[in-house]
Amino acid sequence: MAAAAPPVVPSSPTPSRWATSAADEALRRCDELAECSETPQGLLRRALTPAMREAHVKTRAWAEAAGLDVRIDALGNLRARREGPAGSRTLLIGSHLDTVRDAGRYDGPLGVVIGLAVAEALRHESLPFGLEIAGISDEEGVRFGRPFLGSRALAGTIDADDLALRDADGVTLAEAIARFEGGGSVEACAITPAELLAYLEVHIEQGPVLESLDQPIGVVSGIAGHVWRSYVLEGRAGHAGTTPMGLRRDALAAAAELALFVERLATETPELVATVGQLVASPGGNNVIAGLAEVQVDVRSVDASVLAKALATLDAEAKALASRRGVRMSASDRFASPPVVCAPALRNTLEACVRRVGLDAHTLASGAGHDGRILATLGPVGMLFVRSPEGLSHHPDERVHATDVALALDVTLDFVRALGARIASEGRLS
Ligand code: HGY
Ligand code: MN
Ligand code: MN
């Protein structure tokens, strides 16, 4: 008699029935949130805007249906909370609700709706800690040109320089806060290290690694260090027709040379990525030599020494080419954050939960920035990645597989229960 055919092992395990249904609802909610946009074509939802308020209305309804008390803080973070036992700390689960321009619908919101689904599943289970689901208002930095303003409010580090930042319409952050009428003061947004048990963020990978390994989910080891450095090049505007090439101080040409150097340096340096996403020249005219140009550089590495060396090399090259071209150069940082390591206790627990759903616990670093880098200043941070088909993100075609989201839900629910059991028995995380 022919031997029985070996069992067909699914490329990924089967999620629980709860998770399968919760994943469908989570993806439906991401679709609903994608309707909350400042633009009729393409998705844009910046901090403290009417589109964000629309997103809050929907998210609040889902959170209240899950039995959570909801408030909007001064920076426009949505805070959905269930109290823990007196004196207990809070497990914060969340991600951001703001988007980049022409965004995908999962970068940020997926982590919020997964948090809400898990809170709903745990509604009638006791936990030895408070649970707060955060819809963070500004991670991408699109409106005020500085990222992580929402989580920095949670960390209590918003300062006068931040409040004076202006958006493209000249509205300061302080004015936007006042107009949005979130609750309480900027200071009252803060969570203290004594209050925070841990922060968990579930996020799409936004890169190709998990897909290349055919892994539905992965555990994050750390978040790359990240700097937004602006180089301003000041030459002299002039007539495009009458100014001899040898007498020009062309700021746009200098900026273009710098942008190509940025690309070459990152291409030649392992562990480094660097991008010029914005290059603005003025006065702007086909027949006018640009007198002024600003090059915005995004530089990242998981290795702090690689990042520091790259920035020093960029500064040196900007100075040298400016001198060669007779233009003045100045550099300033709009944002800088060192690499962050995810807490081993959380990472180990996540890995155990991933194995419990029948997966390899693949661990990977995050090249993308996340609010966890800011919240790591308050306490332990853990992150779980969900596979990004084609590694695509910051793009309307960004998508996820429903079964991968379901597996992430199973892992996240198991993780919260595992943390609860540990705190109940040992009183601490590790
Ligand atoms: O830029 C980033 O890495 C993130 O999407 N804010
Ligand atoms: Mn994100
Ligand atoms: Mn993003």
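Since the structure is predicted, the reported quantities are computational estimates derived from the model, not experimental observations. (Residues numbered from 1 in each chain as written. Chains lettered and ligands numbered in written order. Predicted model: local features only at pLDDT ≥ 70, side-chain atom pairs only at ≥ 80, totals over all residues. Heavy atoms only, no water.)

**Quick notes on the coordination of the manganese ion (ligand 2)**
Part 1: Distances from the manganese ion (ligand 2) to its protein donors, namely His96 (NE2), Asp107 (OD) and His203 (NE2), fall within the range 2.0 to 2.2 Å.
Part 2: Every donor residue of the manganese ion (ligand 2) comes from the same chain, spaced as H-x10-D-x95-H. (Donors = N, O, S within 2.8 Å, 3.2 Å for Na, K, Ca; no water.)

**Looking at the domain arrangement of the protein**
Part 1: Each domain of the protein was delimited in the assignment, giving domain 1 (17–224 + 339–426) and domain 2 (225–337).
Part 2: A separation of 34 Å is found between the C-alpha centroids of domain 1 and domain 2.
Part 3: With 15 residues of domain 1 at the contact, the number on the domain 2 side is 11 residues.
Part 4: Here domain 1 meets domain 2 over a buried area of about 1000 Å², counting both sides, of which 59% is carbon and sulfur.
Part 5: Taken together, the connections running from domain 1 to domain 2 amount to 0 salt bridges.
Part 6: Linking domain 1 with domain 2 are 5 residue pairs in polar contact (both at pLDDT 80 or more). (Domains from an automatic or database assignment. Contact = heavy atoms within 4.5 Å. Buried area = accessible area lost by both parts, 1.4 Å probe. Salt bridge = Lys/Arg side-chain N within 4 Å of Asp/Glu carboxyl O. Polar contact = N/O pair within 3.5 Å; in protein donor to acceptor, adjacent residues only side chain to side chain.)

**Considering the site of ligand 1**
Part 1: With respect to spatial proximity, the complete set of residues near ligand 1 consists of Glu139, Glu140, Arg300, Ala368, Gly369 and His394.
Part 2: Measuring from an oxygen atom of ligand 1, one finds a side-chain N or O atom of Arg300 at 2.6 Å.
Part 3: Take Gly369: an N or O atom from its main chain is 2.7 Å from an oxygen atom of ligand 1.
Part 4: Calculation on ligand 1 without its partners gives an accessible area of 210 Å², and the protein chains cover 91% of this total. (Near = heavy atom within 4 Å. Areas by Shrake-Rupley, 256 points an atom, 1.4 Å probe, with all protein chains shown as cover.)

**Observations regarding helix H3 (residues 109–121)**
Part 1: Over its 13 residues, H3 extends 18 Å from the first C-alpha to the last, a length consistent with the 18 Å expected when each residue adds 1.5 Å.
Part 2: For H3, the buried fraction is high: 11 of the 13 residues fall into the buried class.
Part 3: Inspection of H3 places Pro109, Leu110, Gly111, Val112, Val113, Ile114, Gly115, Leu116, Ala117, Val118 and Ala119 among the buried residues, and these make up the whole buried set. (Helix = DSSP H or I, 4+ residues; strand = E, 2+ residues; numbered from the N terminus. Expected span 1.5 Å × (residues − 1). Buried < 20%, exposed > 50% of the residue type's maximum accessible area, 1.4 Å probe, protein only.)

**Here's the deal with the packing of aromatic side chains**
Part 1: Inspection of the entire model under this criterion finds 2 aromatic pairs.
Part 2: Arranged with centres 5.1 Å apart and planes meeting at 45°, the rings of Phe148 and Phe335 form a pair that is tilted. Remark: Phe335 occurs in strand E12 (residues 328–337) and Phe148 occurs in the loop between strand E4 (130–136) and helix H4 (149–154); sequence separation between them is 187 residues.
Part 3: The class for Phe148 is buried, based on a relative accessible area of 2%.
Part 4: According to the relative accessible area criterion, Phe335 is buried, its value standing at 8%.
Part 5: Consider the rings of Trp228 and Phe335, whose centres lie 6.4 Å apart with planes at 70°: the pair is edge-to-face. Separated by 107 residues along the polypeptide, Trp228 in strand E7 (residues 225–234) and Phe335 in strand E12 bring together distant segments of the chain. (Phe/Tyr/Trp six-rings, centres within 6.5 Å; stacked < 30°, edge-to-face > 60°.)

**Focus on the side chain of Ser393**
Part 1: Positionally, Ser393 belongs in the loop between strand E15 (381–386) and helix H12 (402–426).
Part 2: Engagement of the side chain of Ser393 in a polar contact is seen with the side chain of Gln206, the distance being 2.8 Å.
Part 3: Non-local contacts of Ser393, meaning those with residues more than four positions away in its chain, are made with Asp107, Ile204, Gln206 and Glu398.

**Remarks on the sheet that holds E7**
Part 1: A sheet is described by the order of its strands in space; here 4 strands give the open sequence E9-E11-E7-E12, paired in antiparallel fashion. Looking along the sheet, the strands with just one partner apiece sit at the ends: strand E9 (273–282) and E12. Averaged over all pairs of adjacent strands, the angle between their axes in this sheet comes to 15°, without regard to strand direction.
Part 2: Against the sheet, helix H8 (residues 251–268) engages E7, E9 and strand E11 (292–301), with an angle of about 175° to E9.
Part 3: In this fold helix H9 (residues 304–325) packs onto E7, E11 and E12, with an angle of close to 5° to the strand it touches most, E7. (Pairing = 2+ DSSP bridges. Axes fitted to C-alpha atoms, helices over the stretch in contact; angles between N-to-C directions.)

**Some words on the coordination of the manganese ion (ligand 3)**
Part 1: Coordination of the manganese ion (ligand 3) by the protein involves Asp107 (OD), Glu140 (OE) and His394 (NE2), with metal-donor separations of 2.1 to 2.2 Å.
Part 2: Between the donor residues of the manganese ion (ligand 3), the gaps in sequence give the motif D-x32-E-x253-H.
Part 3: Distance-wise, the manganese ion (ligand 2) is placed 3.5 Å from the manganese ion (ligand 3), both being coordinated by Asp107. Of this pair, Glu140 sits in the loop between E4 and H4 while His394 is found in the loop between E15 and H12, placing the two residues 254 residues apart along the sequence.
Part 4: Classification of Glu140 by relative accessible area gives buried; the value is 11%.
Part 5: Owing to a relative accessible area of 42%, His394 belongs among the partly exposed residues under this scheme.

**Quick look at the packing of helix H1 (residues 17–34) against H3**
Part 1: Contact geometry for H1 and H3: axes closest at 9 Å, N-to-C directions at 135°. It follows that H1 is oblique to H3 by the angle criterion. Seen along the crossing, H1 lies across H3 with a hand that is right-handed. Where H1 abuts H3, its residues Trp18, Ala22, Ala26, Leu27, Arg29, Cys30 and Leu33 lie against Pro109, Leu110, Val113, Leu116, Ala117, Val118, Glu120 and Ala121.
Part 2: For the contact of H1 with H3, the residue count by class is 13 nonpolar, no polar and 2 charged. (Parallel < 35°, antiparallel > 145°, perpendicular 65-115°, else oblique. Left-handed = near helix turned anticlockwise from the far one by under 90°. Nonpolar A, V, L, I, M, F, W, Y, C, P; charged D, E, K, R; others polar.)

**Here we look at the nonpolar core**
One recurring pattern in soluble globular proteins: nonpolar side chains tend to sit buried together.
Part 1: In this structure, Leu91, Leu110, Val405, Leu409 and Val416 are the most contacted members of the largest nonpolar core, which totals 80 residues.
Part 2: Of all hydrophobic cores here, the second largest spans 26 residues; its members include Ala255, Leu265, Leu314 and Ala318. (Core = buried A, V, L, I, M, F, W, Y, C linked by side-chain atoms within 4.5 Å.)

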